[in-house]
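Here is what each chain is made of, one letter per residue.
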Amino acid sequence: MRVYNFSPGPSMLPLPVLERAAAEMTDANGSGQSVMEMSHRSGEFEAIIERTEALLRELMGIPANYRVLFLQGGASLQFSMVPLNLGAAEPGQPAKKAVYIDTGVWAKKAAEEGAKFLDALVPASSGDRAYSYIPEAPPPEPGCAYYHITLNNTIVGTRWASLPETGGVPLVADISSCALSEPLDVSRFGLLYAGAQKNLGPAGLTLVVIREDLIGRAASGTPALLRYDVHADAGSRYNTPPCYGIYIMGLVLEWIKKTGGAEAMGKRNREKADLLYTYLEGSRLFRSPVERAFRSLMNIPFVPAEGDGARRKEIEARFAGEAAAAGLVNLAGHRLVGGMRASVYNAMPIEGVRELAGFMKKFEANYV
Ligand SMILES: *Cc1c(COP(=O)(O)O)cnc(C)c1O
């Protein structure tokens with residue numbers, strides 16, 4: 001039996017994608033080979049990577065003056081590649097500046113990594129109230145190399161409801177946990193990046209969408225594999241790319257297209273999130289720790305509404321245990337923040353969310 005997996009990542013993949021991958025496991029498209037066995041320089045694989053990119057461009061509405069890169073190293077390597085490529089000064093030159101808005105663990109990690117290569121300014125943070133909101137984002141100082149935000153904050157369950165005005169400074173966003181979860185105006189950004197393992201495919205593949213004029217700015221001495229221009233010039237095949245991950249992402253994109261694209265995905269995701277938030281609003285046992293205007297559609301944390309530390313821990317442990325026994329798994333919150341969290345990415349069907357909401361109601365009735 002397949003469970004409903006509420007993991008924050010790696011997370012559920014659409015069942016039709018897994019079934020198709022299984023059917024093509026030993027013989028992909030009449031090639032007599034698995035995609036895992038193909039040369040990344042072969043015509044067969046070239047067709048796969050080109051189709052994946054074309055689908056992504058269509059579904060995300062990526063303008064022609066942006067490049068799509070399929071990389072490795074996860075979103076975390078982008079915490080280093082972004083400053084190395086967009087903001088590192090040549091040796092002997094004064095450090096450049098970039099803006100980072102601090103909205104939680106991943107945003108902070110990005111800023112910490114950026115600070116190794118440039119002057120990372122953090123003019124706004126929501127750390128004063130446990131990252132339960134998105135702070136007012138001030139305009140950048142003149143001359144900043146870029147302006148970095150984490151569009152959806154996976155751990156605390158917040159999202160930017162509107163984008164900051166950055167003037168001519170390129171807006172850079174980590175979209176790891178919200179890629180293709182709803183329509184996004186790519187032209188507002190200089191660079192977008194995402195680890196694939198939440199909304200797009202398996203772990204090991206990282207997506208970068210970068211405006212062409214931002215390519216080729218890496219400081220000399222930057223290692224080849226960390227340079228966007230090297231990957232762009234080689235069509236993401238400077239070295240062996242994560243071929244199987246790119247293939248699976250292509251299947252996920254086909255599934256998104258077949259189910260109506262980003263618009264329809266956004267509608268379904270809002271419906272799913274509304275189910276849980278509506279339950280939480282009326283619950284006496286649980287509440288959302290996130291301010292209403294900034295609640296994520298993808299990651300929905302909830303905590304016991306009252307009780308001391310020991311009682312909360314008891315509720316959380318019992319909830320996670322009983323939910324898992326009912327086929328609703330991975331509902332424990334992040335180890336750094338505790339509580340519980342339901343991650344309801346694109347591949348989570350609404351039936352799974354209905355089951356969870358029903359389970360929560362029953363659990364509450366037995367508990368309160
Ligand atoms: C999961 C996550 C990361 C880390 O991704 P890796 O691919 O494991 O490096 C970074 N940022 C956000 C917003 C995430 O959700």
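Parameters and conventions
Residues numbered from 1 in each chain as written. Predicted model: local features only at pLDDT ≥ 70, side-chain atom pairs only at ≥ 80, totals over all residues. Heavy atoms only, no water. Helix = DSSP H or I, 4+ residues; strand = E, 2+ residues; numbered from the N terminus. Buried < 20%, exposed > 50% of the residue type's maximum accessible area, 1.4 Å probe, protein only. Contact = heavy atoms within 4.5 Å. Pairing = 2+ DSSP bridges. Right-handed = clockwise from strand over helix to strand, strands pointing away. Salt bridge = Lys/Arg side-chain N within 4 Å of Asp/Glu carboxyl O. Axes fitted to C-alpha atoms, helices over the stretch in contact; angles between N-to-C directions. Near = heavy atom within 4 Å. Polar contact = N/O pair within 3.5 Å; in protein donor to acceptor, adjacent residues only side chain to side chain. Domains from an automatic or database assignment. Buried area = accessible area lost by both parts, 1.4 Å probe. Parallel < 35°, antiparallel > 145°, perpendicular 65-115°, else oblique. Nonpolar A, V, L, I, M, F, W, Y, C, P; charged D, E, K, R; others polar.

### With respect to the overall build of the protein
Part 1 of the reasoning: Looking only at helices and strands, one finds nine helices and 14 strands in the protein.
Part 2 of the reasoning: Along the first, second and third principal axes, the C-alpha set of the protein runs to 65 × 55 × 30 Å.
Part 3 of the reasoning: The proportion of buried residues among the 368 residues of the protein is 55%.
Part 4 of the reasoning: Look at the contacts in the protein between residues 6 or more apart in sequence, and 66% of them connect residues 24 or more apart.

### So, the pairing of strand β4 (residues 119-125)
Part 1 of the reasoning: Bridge count for strand β3 (residues 97-102) against β4 is five bridges, and the pairing is parallel. Bridge pairing in β4 places V99 opposite L121.
Part 2 of the reasoning: As a crossover connection, the stretch from β3 through helix α4 (residues 105-114) into β4 is right-handed.

### Structural notes on the pattern of salt bridges
Part 1 of the reasoning: All chains considered together, the criterion is met by 19 salt bridges.
Part 2 of the reasoning: One salt bridge connects R57 with E53, and the closest N-O pair in it is separated by 3.0 Å. Linking R57 with E53, this pair stays in helix α2 (residues 43-60), spanning four residues, or about one helical turn.
Part 3 of the reasoning: Salt-bridge contacts for E281 lead to R292; the nearest nitrogen and oxygen are separated by 2.7 Å. Of the two residues, E281 is situated in helix α7 (residues 261-282) and R292 in the loop between β11 (286-287) and β12 (299-304); the sequence distance between them amounts to eleven residues.
Part 4 of the reasoning: By relative accessible area, which is 43% here, E281 ends up partly exposed.
Part 5 of the reasoning: By relative accessible area, which is 59% here, R292 ends up exposed.

### A few points about the sheet that holds β11
The strands making up a sheet are joined through hydrogen bonds of the backbone, oriented either antiparallel or parallel.
Part 1 of the reasoning: The three strands are arranged β11-β12-β14 in an open sheet whose pairing can be described as antiparallel. Two strands lie at the open edges of the sheet, namely β11 and β14 (340-343), each paired on one side alone.
Part 2 of the reasoning: Across four bridges, β12 lies against β14 in antiparallel orientation. Its bridge partner being in β14, F302 is matched across the sheet by M340.
Part 3 of the reasoning: Relative to β12, helix α8 (residues 309-325) is tilted by about 130°, and along the sheet it contacts β11, β12 and β14.

### Describing the site of the ligand
Part 1 of the reasoning: Near the ligand you find 13 residues, and of these S76, T154, D174, Q197 and K198 are the closest.
Part 2 of the reasoning: In this structure, D174 approaches the ligand through a side-chain N or O atom, which is 2.6 Å from a nitrogen atom.
Part 3 of the reasoning: Taking Q197, its side chain carries an N or O atom lying 2.9 Å from an oxygen atom of the ligand.
Part 4 of the reasoning: A per-element tally of the shell around the ligand places helix α3 (residues 74-86) first, with four residues.

### Some details on the environment of G204
Part 1 of the reasoning: Note on placement: G204 falls in the loop between β9 (191-195) and β10 (206-211).
Part 2 of the reasoning: Judged by its relative accessible area of 41%, G204 falls in the partly exposed class.
Part 3 of the reasoning: Not counting the four nearest positions on each side in its chain, G204 is found in contact with L71, Q72 and P242.

### Here's the deal with the side chain of R159
Part 1 of the reasoning: Looking at the element boundaries, R159 is found in strand β7 (residues 158-159).
Part 2 of the reasoning: Among the polar contacts made by the side chain of R159, one reaches the side chain of E182 at a distance of 2.5 Å.
Part 3 of the reasoning: Leave out the neighbours within four places in its chain, and R159 touches I134, L151, N152, E182, F294, R295, S296 and L297.

### A closer look at the domain arrangement of the protein
Part 1 of the reasoning: Each domain of the protein was delimited in the assignment, giving domain 1 (4-10 + 261-367) and domain 2 (15-258).
Part 2 of the reasoning: One C-alpha centre belongs to domain 1, the other to domain 2, and the line joining them spans 27 Å.
Part 3 of the reasoning: On the domain 2 side, the residues contacting the 28 residues of domain 1 number 29 residues.
Part 4 of the reasoning: Here domain 1 meets domain 2 over a buried area of about 2,200 Å², counting both sides, of which 59% is carbon and sulfur.
Part 5 of the reasoning: When the buried surface of domain 1 facing domain 2 is broken down by residue, A262, F294 and N346 rank first, second and third, together holding 24% of it.
Part 6 of the reasoning: Taken together, domain 1 and domain 2 are joined by two salt bridges.

### Describing the packing of helix α6 (residues 243-258) against α7
Part 1 of the reasoning: Two elements in contact, α6 and α7, have axes separated by 7 Å at closest approach and are oriented at 80°. When the axis of α6 is compared with that of α7, the two are roughly perpendicular. Facing α6, whose interface residues are W255, I256 and K257, α7 presents G261, A262 and M265.
Part 2 of the reasoning: For the contact of α6 with α7, a count of residues per class yields four nonpolar, one polar and one charged.

### A word on the sheet that holds β9
Part 1 of the reasoning: The strand order across the open sheet built from seven strands is β2-β10-β9-β8-β5-β3-β4, with neighbouring strands paired in mixed fashion. Since the sheet does not close on itself, it has two edges, and those belong to β2 (66-71) and β4, each with one partner. For this sheet, the mean angle separating the axes of adjacent strands, direction not counted, is 20°.
Part 2 of the reasoning: As paired elements, β9 and β10 share five bridges and run antiparallel to each other. Note on β10: the bridge partner recorded for L191 is I210.

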